[in-house]
Amino acid sequence: MTNYSILFLDIDGTILTSDDSIQESTKEAVKQVQAKGIEVFLATGRPLHEIWDIGKTLNVDAFIGYNGAYAIRNHKEIYNKPIDSTTVEKYLQTAKQYGHELVMYTNKKNVMSSLESERIKEFITKFHLKHNEEYTPAVIDKILGMTVVNVNADEQALYNEEGIHLSQVNLEGFHHCYDVIRDTANKGQAVKMVLNQLNIDPKASIAFGDGMNDKEMLSVVGEGFSMGNAHPQLHTYAKHQTTSVEDSGIFNGLKSLGLVK
């Protein structure tokens, strides 16, 4: 059996169920692999300043946030790659022109194109965002991640830019939201960087995800699992498919590798 060393877990739709809870089986699975000496990273599109409580619940102190733009381990920053300010400005102009909104994230706060938009208010409520401000140009060079809100599927092309693509948020009621994913800064790139820094063979790594923003991550690890509730296209990037987040998906996946019981 492979001696696994590290586990990367997406949050929404992978750790968190539809009611934003964590199943006891997930907590138990994480506890069992940690007892085996396997390090656990949370790898999310979310801003890290909004998920410390999830890390505390799972006894995890290693994070990849903002869809791969920033990573921290044991309270030490190991990766930090903001979005180019010209891209941020272009997206702001496009969103304003077509009636879209932007949710942007710095390392300390969430920055909205408008705090009055109903779509933005729904987004804030769903993701329990607390540190919110309206955008000002003072933070344009500090943006680590962006989500475009209120976008129709046929409007994605408006945001086409070399080395960037949009990834639909895989949550019911939020399919009008798209994460901005960079070729040079995504979960897969961040995972490769972590594996290199920790001198871990990719074959000894495991990852679970449910959204298309997880495809790069699932592609670079040794054992990639798509959740049963995953975006249908994600399964082609995963070596394995497990049960849904509502049906002990993480536990069952790790059990198939002989890591939990």
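An account of the accompanying structure is given in this report.

Definitions and limits used
- For every chain, the first residue of the written sequence is number 1, and numbering continues from 1 along that sequence.
- Per-residue local features of the predicted model are confined to residues with pLDDT of at least 70, and side-chain atom pairs are confined, for both listing and counting, to 80 or more; whole-chain, interface and lining totals are unaffected and use all residues.
- With hydrogens and water excluded, all non-hydrogen atoms of the structure serve as input to the side-chain values.
- Numbering of helices and strands runs from the N terminus, with a helix taken as a DSSP run of H or I at least four residues long and a strand as a DSSP run of E at least two residues long.
- With C-alpha atoms as the basis for the radius of gyration, the globule rule is written as 2.2 Å multiplied by the number of residues raised to the power 0.38.
- Relative accessibility decides the category of a residue: with a 1.4 Å probe and only protein chains considered, values under 20% of the type maximum give buried, values over 50% give exposed, and everything between is partly exposed.
- Contact definition: two residues touch when any of their heavy atoms are within 4.5 Å.
- Here the open area of atoms and residues is found with the Shrake-Rupley method and a 1.4 Å probe, where only the protein chains shown may cover a residue.
- Note that the arc is computed from the directions linking the helix axis to the C-beta atoms.
- Polar contact criterion, stated in full: a pair of N or O atoms within 3.5 Å, where within protein one must be able to donate a hydrogen and the other to accept it, and residues adjacent in sequence count only if both atoms are side-chain atoms.
- What makes a salt bridge here is a side-chain nitrogen of Lys or Arg within 4 Å of a carboxyl oxygen of Asp or Glu, nothing more.

### Topic: the overall build of the protein chain
A tally of helices and strands in the protein chain yields seven helices and 14 strands. A compact globule built from 261 residues should have a C-alpha radius of gyration of about 18 Å, and the protein chain, at 17 Å, falls within 12% of that. In terms of principal-axis extent, the alpha carbons of the protein chain reach across some 55 × 35 × 30 Å. Buried positions account for 57% of the 261 residues belonging to the protein chain. Across the protein chain, every contact between residues at least 6 apart in sequence was considered, and the portion connecting residues at least 24 apart equals 59%. Within the structure as shown, the protein chain displays about 11,500 Å² of accessible surface, and the carbon and sulfur contribution to it stands at 47%.

### Some points on helix H7 (residues 249-256)
Every buried residue of H7 is accounted for by Gly249, Ile250, Phe251, Gly253 and Leu254. Looking at the buried positions of H7, the neighbouring elements they touch are strand S1 (6-9), helix H1 (24-35), strand S12 (205-209) and strand S13 (223-226). Immediately downstream of H7, the backbone of glycine 258 shows phi near 80°, a positive value.

### Thoughts on helix H4 (residues 118-126)
Those residues of H4 lying buried are Ile120, Phe123, Ile124 and Lys126. Each buried residue of H4 sits inside an arc of 165° when the element is viewed along its axis, so together they form one side. In H4, the exposed positions that point more than 90 degrees away from the buried face belong to Glu118 and Thr125. Where the residues of H4 are buried, they touch strand S6 (101-105), strand S7 (110-112), strand S8 (132-134) and strand S9 (145-149). Taking the backbone nitrogen of arginine 119 as reference, a side-chain oxygen 3.3 Å away marks serine 117 as the first, capping residue of H4.

### Some details on the pattern of salt bridges
In total, this model carries twelve salt bridges according to the counting rule given. A salt bridge links aspartate 12 to arginine 46; the shortest N-O distance between them is 2.5 Å. Here arginine 46 lies in the loop between strand S2 (39-43) and helix H2 (52-58) and aspartate 12 lies in the loop between S1 and H1, a separation of 34 residues in the sequence. Taken as a pair, aspartate 12 and arginine 46 share a single burial class, namely buried. Two residues, aspartate 214 and lysine 187, come together in a salt bridge whose shortest N-O distance is 2.6 Å. Of this pair, aspartate 214 sits in the loop between S12 and helix H6 (215-220) while lysine 187 sits in helix H5 (residues 187-197); the two residues are 27 residues apart in sequence, bridging distant segments of the chain. Note on accessibility: aspartate 214 and lysine 187 belong to one class, buried. Among the charged side chains, a salt-bridge network with shared partners connects Asp10, Lys187 and Asp214.

These figures capture arrangement, not role.
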